[in-house]
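# Structural features, examined
Residues per chain, in single letters:
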Number of protein chains: 2
Amino acid sequence: MTFPTKIYIRELAPREGFQALPTIFSAQQKVDFIDLLSKATPDEIEVTSFVRADLVPQMADAAEVAIKIKKNPTICYSSLYLNQRGFLESEKTGVLQNRGWIHFAISETFLQKNSNTSNSALIESIPSWVECFRDCSKNWHGIVISTVFGCNYENRHYSADDLIKLIRKIMNKARQAGIDPPSEISLADTMGWGSPTLVRDGILALRAEFNFKIISLHLHDTRGSGMVNAYVGLEEGIDRFDASCGGLGGCPFAKNAAGNIPTEDLVYLCQTLKIKTSIDLDALCRAAHFAEKLIGAPLNGKYSRYKNH
Amino acid sequence: MTFPTKIYIRELAPREGFQALPTIFSAQQKVDFIDLLSKATPDEIEVTSFVRADLVPQMADAAEVAIKIKKNPTICYSSLYLNQRGFLESEKTGVLQNRGWIHFAISETFLQKNSNTSNSALIESIPSWVECFRDCSKNWHGIVISTVFGCNYENRHYSADDLIKLIRKIMNKARQAGIDPPSEISLADTMGWGSPTLVRDGILALRAEFNFKIISLHLHDTRGSGMVNAYVGLEEGIDRFDASCGGLGGCPFAKNAAGNIPTEDLVYLCQTLKIKTSIDLDALCRAAHFAEKLIGAPLNGKYSRYKNH
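In what follows, the accompanying structure is described. (Residues numbered from 1 in each chain as written. Chains lettered and ligands numbered in written order. Predicted model: local features only at pLDDT ≥ 70, side-chain atom pairs only at ≥ 80, totals over all residues. Heavy atoms only, no water.)

### Thoughts on the overall build of chain A
The condition that has to hold: For the purposes of this entry, the term helix denotes a DSSP run of H or I that reaches at least four residues, the term strand denotes a run of E that reaches at least two, and both are numbered from the N terminus. The globule rule is 2.2 Å times the number of residues to the power 0.38, and the radius of gyration it is compared with is taken over C-alpha atoms. To sort residues, take the accessible area from a 1.4 Å probe on protein chains only and compare it with the maximum for the residue type: under 20% means buried, over 50% means exposed, and anything in between is partly exposed. Working definition of accessibility: Shrake-Rupley area with a 1.4 Å probe, residue cover restricted to the visible protein chains.
Looking only at helices and strands, chain A features 13 helices and 10 strands. For chain A, whose C-alpha radius of gyration is 18 Å, the value lies close to the compact-globule estimate of 19 Å for 309 residues. With the C-alpha coordinates of chain A rotated into their principal frame, the extents come out at 55 × 45 × 35 Å. Across the 309 residues that make up chain A, the buried fraction comes to 65%. Counting only carbon and sulfur atoms, one obtains 49% of the accessible surface of chain A, whose full area is about 11600 Å².

### With respect to the packing of helix α11 (residues 263-272) of chain A against helix α12 (residues 281-295) of chain A
All names here are of chain A. Our working rule: All axes are obtained by fitting lines to C-alpha atoms, using only the stretch in contact for helices, and the reported angles, taken between N-to-C directions, cover 0 to 180 degrees. An angle below 35 degrees is treated as roughly parallel, one above 145 as roughly antiparallel, one from 65 to 115 as roughly perpendicular, and anything else as oblique. For any helix crossing, the convention is left-handed if the near helix is rotated counterclockwise from the far helix by under a right angle, and right-handed if that rotation is clockwise. Residue contacts follow a heavy-atom distance rule, with two residues in contact if any of their heavy atoms lie within 4.5 Å. Each residue is assigned to one class: nonpolar for Ala, Val, Leu, Ile, Met, Phe, Trp, Tyr, Cys and Pro, charged for Asp, Glu, Lys and Arg, and polar for all the others, Gly among them.
The contact between α11 and α12 brings their axes to 10 Å, and the two run at 160 degrees. When the axis of α11 is compared with that of α12, the two are roughly antiparallel. Handedness of the α11/α12 crossing: left-handed. Contact residues: α11 offers Thr263, Glu264, Val267, Tyr268 and Gln271, while α12 offers Leu281, Leu284 and Ala288. Of the residues that constitute the contact of α11 with α12, the class distribution is five nonpolar, two polar and one charged.

### Some remarks on helix α7 (residues 126-135) of chain A
Given 3.6 residues to a turn, an α-helix orients residues that are three or four positions apart in the same direction. Residues and elements named next belong to chain A. Quick reminder of the rule: The arc in question is the one spanned by the directions pointing from the helix axis to the C-beta atoms.
Within the span of α7, buried status applies to Ile126, Trp129, Val130, Cys132 and Phe133. Across the axial projection of α7, the buried residues extend over an arc of 160 degrees, all falling on one side. Projecting away from the buried face of α7 at angles above 90 degrees are the exposed residues Glu131, Arg134 and Asp135. Looking one or two residues past α7, Ser137 carries a phi angle of roughly 60 degrees, positive in sign.

### Topic: the sheet that holds strand β5 (residues 140-146) of chain B
All names here are of chain B. As a reminder, the rule being used: A pair of strands is treated as paired once DSSP finds two or more bridges between them.
Taken in spatial order, the eight strands make up an open sheet running β3-β2-β1-β10-β9-β8-β5-β4, and their pairing is parallel. The sheet is open, and its two borders are formed by β3 (76-81) and β4 (100-105), each paired with just one other strand. Each neighbouring strand pair of the sheet contributes to a mean axis angle of 25 degrees, computed without reference to strand direction. Pairing geometry for β4 and β5, over six bridges, is parallel. The partner of His103 across the bridge, within β5, is Val144. Helix-sheet contacts for helix α8 (residues 160-176) involve β4, β5 and β8 (184-189), and the interaxial angle to β5 is about 155 degrees.

### Quick notes on the relation of the copies chain B and chain A
Worth spelling out the cut-off: The fit set for superposing copies consists of C-alpha atoms from residues with pLDDT of at least 70 in both; the fit itself is least squares.
Note on the copies: chain B fits chain A at an RMSD of 0.0 Å, the axial shift is 0.0 Å, and the rotation between them is 180 degrees. One copy is carried onto the other by what is essentially a two-fold rotation axis. Considering only C-alpha atoms, the part of chain B nearest the rotation axis is Val228 of chain B, at 2.4 Å. The overlap is high: 100% of the interface residues of chain B also sit at the interface in chain A, so the same surface is used on both sides.

### Examining α12 of chain A
All names here are of chain A. Convention followed: Each residue after the first adds 1.5 Å to the expected span of a helix. In the analysis that follows, any N or O atom pair within 3.5 Å is treated as a polar contact, provided that within protein one partner can donate a hydrogen and the other can accept it, and provided that, for residues neighboring in sequence, both atoms belong to side chains.
Between its terminal C-alpha atoms α12 stretches 21 Å, which fits the 21 Å expected from 15 residues at 1.5 Å a residue. Restricting attention to buried positions, one finds in α12 the residues Leu281, Ala283, Leu284, Cys285, Ala287, Ala288, His289, Ala291 and Glu292. For α12, the capping residue at the N-terminal end is Asp280, with a side-chain oxygen 3.1 Å from the backbone nitrogen of Asp282. Remark: Gly296 follows α12 within two positions and exhibits a positive phi of approximately 75 degrees.

### Concerning the nonpolar core
The following threshold applies: Buried Ala, Val, Leu, Ile, Met, Phe, Trp, Tyr and Cys residues that are joined via side-chain atoms within 4.5 Å together make up what is termed a nonpolar core.
Ranked by internal contacts, the top residues of the largest apolar core, which has 208 residues, are Ile145 of chain A together with Ile145 of chain B. Every residue in contact with Ile145 of chain B, bar those within four places of it in the chain, is listed here: Phe104, Ile106, Leu163, Leu166, Ile167, Ile170, Ile185, Ser186, Leu187 and Ala188 of chain B.

### Observations concerning the sheet that holds strand β1 (residues 8-11) of chain A
All names here are of chain A. On the basis of which strands lie adjacent, the open sheet formed by eight strands has the order β3-β2-β1-β10-β9-β8-β5-β4 and parallel pairing. What marks the edges here is a single partner per strand, and that holds for β3 (76-81) and β4 (100-105). Each strand axis lies, on average, 25 degrees off the axis of its neighbour in the sheet, ignoring direction. In the packing of helix α10 (residues 226-235) onto the sheet, contacts are made with β8 (184-189), β9 (214-219) and β10 (240-243), and the angle to β9 comes to roughly 170 degrees. Sitting on the sheet, α11 is in contact with β1 and β10, with an inclination near 170 degrees to β1.

### As for the pairing of strand β10 (residues 240-243) of chain B
Residue and element names in this part refer to chain B. Heads up, the rule is: Seen with its strands pointing away from the viewer, a crossover is right-handed when the path leading from the first strand over the helix to the second is clockwise.
Across the two faces of β10 the burial is the same, with Arg240 and Asp242 and Phe241 and Ala243 all buried. Relative to β10, strand β1 (residues 8-11) is paired through four bridges, and the arrangement is parallel. What sits directly across from Ile9, in β10, is Phe241. Two strands pair when backbone bridges link them, and strand β9 (residues 214-219) and β10 are joined in this way by two bridges, in the parallel orientation. Bridging from a neighbouring strand, Leu217 pairs with Phe241 of β10. With helix α10 (residues 226-235) bridging β9 and the parallel β10, this β-α-β connection has right-handed handedness.

### So, the pattern of salt bridges
Side chains carrying opposite charge are able to pair once their charged atoms draw close together. In plain terms, the rule: Salt bridges are defined by distance alone: a side-chain nitrogen of Lys or Arg within 4 Å of a carboxyl oxygen of Asp or Glu.
Applying the stated rule across the entire model yields 37 salt bridges over all chains. With its nearest N and O atoms 2.9 Å apart, the salt bridge here joins Glu64 of chain A to Lys68 of chain A. With Glu64 of chain A and Lys68 of chain A both in helix α3 (residues 62-68) and four residues apart, the pair spans about one turn of that helix. Overall, Glu64 of chain A belongs to the partly exposed group, its relative accessible area being 37%. Across the salt bridge formed by Glu89 of chain B and Arg85 of chain B, the nearest N and O atoms sit 2.5 Å from each other. Placement of the pair is Glu89 of chain B and Arg85 of chain B together in helix α4 (residues 84-92), with a separation of four residues, close to one helical turn. By relative accessible area, Glu89 of chain B is classed as partly exposed at 34%.

Purely geometric numbers; function is a separate question.
Rendered as structure tokens:
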């Protein structure tokens, strides 16, 4: 066991949470929530997503939210985008610190539903993506592998072999095109199919064949193993995690998917393991309590609920 | 890591759940729930508690519930009791398979509030407890150590040292009185102060000094680490767990304590680790859905919630 000494946390609640809720909240309500999250000083906040407003009306105010939030210079404010149009729209706001991501998925069915594309089309478009990033003075930072451990649509688990096969194709294309490989891979368990075995096998298989500087985990807690999967990641030395204040979240195109692991529960777990984070846990709980009032229903975060008594 | 090949699960939802809820449900509603739980065939079901009806009115129908439930001969039906009067009342029903337990706690404050006694008084009364068990043709099976990792009243963690000191006193008294030591110790994290470190340290310290046949874990999920703590127990080879269908629970005398780890989430985790249980997971989810309807609010169990979609 080699726990990291410090982990980097990407706070996803504003994007994951508001996209998954049936209610459409106002831009100001979102801004108020994000400003509270900023007070908890996570390393990064994914504040919104630049996607099609006709399909995800909850995110139609993406630019407005990105512009209005109070920026803390120690925090990286980023956004989700699934195609180059979305990336360029986000960049146009001029106020976000987006990194260059391309979103793949092991499940072609999910990729079609979520991004209206296929892995082969995405792989073919790597040079065009990289050019698009360059036009905005960015490099190709990372790849997200959604549905990395399984998919509700295809109703099956994916193995480390499935993961490795996809990464090989991506890296081969980059090599052929003379493009530097990305430094980060995000293993995104979009629908919560992960287990200790799948998480560990995936990490070990990646390390055995590739040289990613950062392997990060994005874990949804559909089946109650989310925090265990995070712990297994920590055991394997993973030092970058996505998490969502209050456990808010779920994907509008991922049926039956629950929210992400709650940031407050992850931070508390790290504290017990003497693993540092940049987060002020009390401030984070205040943000969770704000979200709970806004939404009008108990959230999944345990630590924030305990602190609310 | 030495995962067990099979774990024994004590299903606590009828006792933990109904005691913690403000509503008083009818004996028949409880019986219907327990009969559904029986169909999931856990190794043991703690069906009720024999405690003071003036203090815990939710449990006033203990004998009626114990008598009315349909017994599956493969399941051990037991009850909670905190004093000899309660044990004898439970035994009087003639329908339960109680084991001989004495309930200690590291937190004297909790022990006073929950059982109106102290560790020293309990230790003095060991010979009288053993006689009481013998009168009912039972032996002294086990000790429960409540608040084993910390207490909200005393607002602090307890270390493995605190645990070992208490066990030494208990075992010394048994030795002096010529009484066989108990075979099981239940580490009961009544208010969810456990962490991977505390769980592992507790187990290792116990094994280094004592020879309990069974170390079992009773974990509440107050701070979001409940399932991680269970996983750490599995890593250490622990093969007996308390859990509660739907994550129902909480102690009426343990302020701010959340429910137990959800049985369905524990069983699912075990399945991913190829650890066997006696439980039919679909039948268990049906019991959780029944409880959810009865209570009229979403439960904490993630796997059952996923299966409800």
